[in-house]
Amino acid sequence: MIELDGSEGEGGGQILRTGLALAMLAQRPLAIERIRAGRPKPGLMRQHLACVQAAAAVCGARVQGAELGAQALRFEPGPVRAGAYRFAIAGAGSCLLVLQTVLPALLLADGPSTLHLSGGTHNPWAPPFHFVERAFAPLVRRTGAELDLTLRRHGFHPAGGGEVLATVTPAAGALQPFDLMARGELREAWADCLAPGLPRRIAARELAVFGEATRWAPEQLRHGDARQDEGPGNALMATLVHEHATEVFMALGEKSLPSEQVARRLLGEMRAFQARPAAAVGPHLADQLALLLALAVWRSGRPARFSCSQATPHLRTQCAVIPRVLPVTAAIDEAGAVPVVRLAPAG
């Protein structure tokens, strides 16, 4: 039995999603208590319940406690099954977090899978579609597996209604670990603004303020291709394509939040990453990369490591939970200029 306390680490949904993924991988039952105890509204919200239901569908699990507001859950997985799946979240809950939950198991399935996901695609406190497509999916490919993503419709809070098609193809052999210790030379950078259903001047102002601060050329400041009927919504993103890794940062607009503040929020996130040039990846990519590489280390028997700009509570949660389930050690070395995550076969 895998026993987890949901109040550990950041006390949010990350430990639930990681616990579900690891239970499917190890084929061991999971019992988790105090789910999301660190949040103002603890327990399972719609998007967390959708993650549980998706995990259960992928492996035919028996589940107790899968209901809104539940703070305890028991999950008994069966064999993971490749196939075609449809997972929907009512409202704007992040469908990318559902993908994050089932992806590790499907990467080790006995065949390719297709997932039709609906819900939110650009949410606060969740990876946006463009982050997963541009930053994370290329790292999946480095392991020998494939993750192909298509955005069919944008989904913003509070309406949701986004649609994503994901195709997961396991590696031909064992997943291959790799070291990622440097981001490399900057090859391309641009900002794009999605503002469907809003006056065009809002996107123009956000891009102008961001462009003034960065001194980027006009061709680096782009209006996104969201259709007007996909709004209202507002997401300002910056993409940095380096030689060895790509990073995507996002700031979401809100009612009564001036365009200047949206641009400055994005600028702050991007500059915090740029201020740590020794780091290969940023704070949000780090915790996703930790689990991906842990799978590769487990399956190949070879170590891996990567540097990151910040050891966030999410990353610390990942490194604390992974060794409890998989025969992999996960350590964060903070003795140098930037944190380095080291993963190795246990024993």
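Everything that follows concerns the structure shown earlier in this document.
The structure reproduced in this document is the subject of the present report.

From N to C terminus, the protein chain includes eight helices and 15 strands. Whereas a compact globule of 347 residues would reach a radius of gyration of roughly 20 Å, the protein chain reaches 20 Å, a difference of no more than 12%. C-alpha atoms of the protein chain, sized along the principal axes, occupy 55 × 45 × 40 Å. Each of the 347 residues in the protein chain was classed as buried or not, and the buried ones make up 55%. Excluding contacts between residues fewer than 6 apart, the proportion of contacts in the protein chain whose partners are at least 24 apart in sequence is 72%. Element-wise, carbon and sulfur atoms account for 50% of the exposed surface of the protein chain, whose accessible area totals about 14300 Å². Separation between the mean location of the 35 positive side-chain charges and that of the 30 negative ones in the protein chain comes to 2 Å.

Moving on to the packing of helix α1 (residues 14-26) against helix α7 (residues 283-300). One can describe the packing of α1 onto α7 by two numbers: an axis separation of 12 Å at closest approach and a directional angle of 15°. Classified by the angle their axes make, α1 and α7 are roughly parallel. For α1 against α7, the interelement crossing comes out right-handed. Residue-level contacts link Gln-14, Ala-21, Leu-22 and Leu-25 of α1 to Asp-287, Leu-291, Leu-295 and Trp-298 of α7. Of the residues that constitute the contact of α1 with α7, the class distribution is six nonpolar, one polar and one charged.

Turning to the pattern of salt bridges, a few remarks are in order. The tally for this structure, following the rule as stated, stands at 17 salt bridges. The shortest N-O distance in the salt bridge between Asp-192 and Arg-134 comes to 3.1 Å. Taken as a pair, Asp-192 in strand β9 (residues 186-194) and Arg-134 in helix α4 (residues 129-142) lie far apart in primary sequence, 58 residues in all. One exposure class covers both Asp-192 and Arg-134, and it is buried. For the salt bridge of Arg-265 with Glu-254, the shortest nitrogen-to-oxygen distance reads 3.3 Å. Within this pair, whereas Arg-265 is found in helix α6 (residues 259-274), its partner Glu-254 is found in the loop between β12 (246-252) and α6, the two being separated by 11 residues in sequence. What makes Arg-265 partly exposed here is its relative accessible area of 41%. In the salt-bridge network here, residues are joined through shared partners; they are Arg-153, Arg-227, Asp-229 and Glu-230.

A sheet is described by the order of its strands in space; here four strands give the open sequence β5-β6-β8-β7, paired in mixed fashion. Of all the strands in the sheet, just β5 (84-88) and β7 (146-153) have a single pairing partner and so form its edges. On average, adjacent strands in this sheet sit at an angle of 15° to one another, irrespective of strand direction. In terms of strand pairing, β7 meets strand β8 (residues 162-169) through seven bridges, oriented antiparallel. If you follow Glu-146 over to β8, its bridge partner there is Thr-169. Relative to the sheet, α4 contacts β7 and β8, its axis offset from that of β7 by approximately 165°.

Core analysis: the largest hydrophobic core is formed by 90 residues, its most contacted members being Phe-75, Leu-147, Val-281 and Phe-306. Broken down by element, this core gets its largest block of residues, 11 residues, from α7. By size, the runner-up hydrophobic cluster in this structure holds 22 residues, among which are Ala-195, Leu-221, Ala-263 and Leu-267.

Time to look at α4. Taking 1.5 Å per residue, 14 residues should reach 20 Å; α4 reaches 19 Å between its end C-alpha atoms and fits that length. A maximum bend of about 40° is found in α4 at Phe-136, where proline Pro-138 lies one to four positions downstream. α4 sits mainly inside the fold: 10 of its 14 residues count as buried. Phe-129, His-130, Phe-131, Val-132, Arg-134, Ala-135, Phe-136, Ala-137, Leu-139 and Val-140 are the residues of α4 that are buried. The first or second residue beyond α4 is Gly-144, which carries a positive phi of 105°.

Turning our attention to the sheet that holds strand β10 (residues 221-223). What the four strands build is an open sheet, ordered β10-β9-β11-β12; its pairing is mixed. The sheet terminates laterally at β10 and β12, the two strands that pair on one side only. Here the strands of the sheet are splayed against their neighbours by 20° on average, with no regard to which way each runs. As judged from the three bridges shared by β9 and β10, these two strands associate in the parallel manner. By the bridge assignment, Asp-192 is partnered in β10 with Arg-222. Contacting β9, β10 and β11 (235-242), helix α5 (residues 200-214) runs over the sheet at an angle of about 165° to β10.

Here the focus is unusual backbone geometry. The omega angle of the peptide bond from His-157 to Pro-158 is 5°, so this bond is cis rather than trans. The topology assignment puts Pro-158 in the loop between β7 and β8. Look at the link from Gly-231 to Pro-232: it is a cis peptide, with omega at 5°. Counting through the fold element by element, Pro-232 comes out in the loop between β10 and β11. The phi dihedral of Ser-256 is positive, around 70°, even though this residue is not glycine.

Reading guide: rules and limits
- Residues numbered from 1 in each chain as written.
- Predicted model: local features only at pLDDT ≥ 70, side-chain atom pairs only at ≥ 80, totals over all residues.
- Heavy atoms only, no water.
- Helix = DSSP H or I, 4+ residues; strand = E, 2+ residues; numbered from the N terminus.
- Rg over C-alpha atoms; globule rule 2.2 N^0.38 Å.
- Buried < 20%, exposed > 50% of the residue type's maximum accessible area, 1.4 Å probe, protein only.
- Contact = heavy atoms within 4.5 Å.
- Areas by Shrake-Rupley, 256 points an atom, 1.4 Å probe, with all protein chains shown as cover.
- Lys, Arg positive; Asp, Glu negative; His and termini not counted.
- Charge placed at Lys NZ, Arg CZ, Asp CG, Glu CD.
- Axes fitted to C-alpha atoms, helices over the stretch in contact; angles between N-to-C directions.
- Parallel < 35°, antiparallel > 145°, perpendicular 65-115°, else oblique.
- Left-handed = near helix turned anticlockwise from the far one by under 90°.
- Nonpolar A, V, L, I, M, F, W, Y, C, P; charged D, E, K, R; others polar.
- Salt bridge = Lys/Arg side-chain N within 4 Å of Asp/Glu carboxyl O.
- Pairing = 2+ DSSP bridges.
- Core = buried A, V, L, I, M, F, W, Y, C linked by side-chain atoms within 4.5 Å.
- Expected span 1.5 Å × (residues − 1).
- Bend = angle between axes of the 7 residues up to and from the residue.

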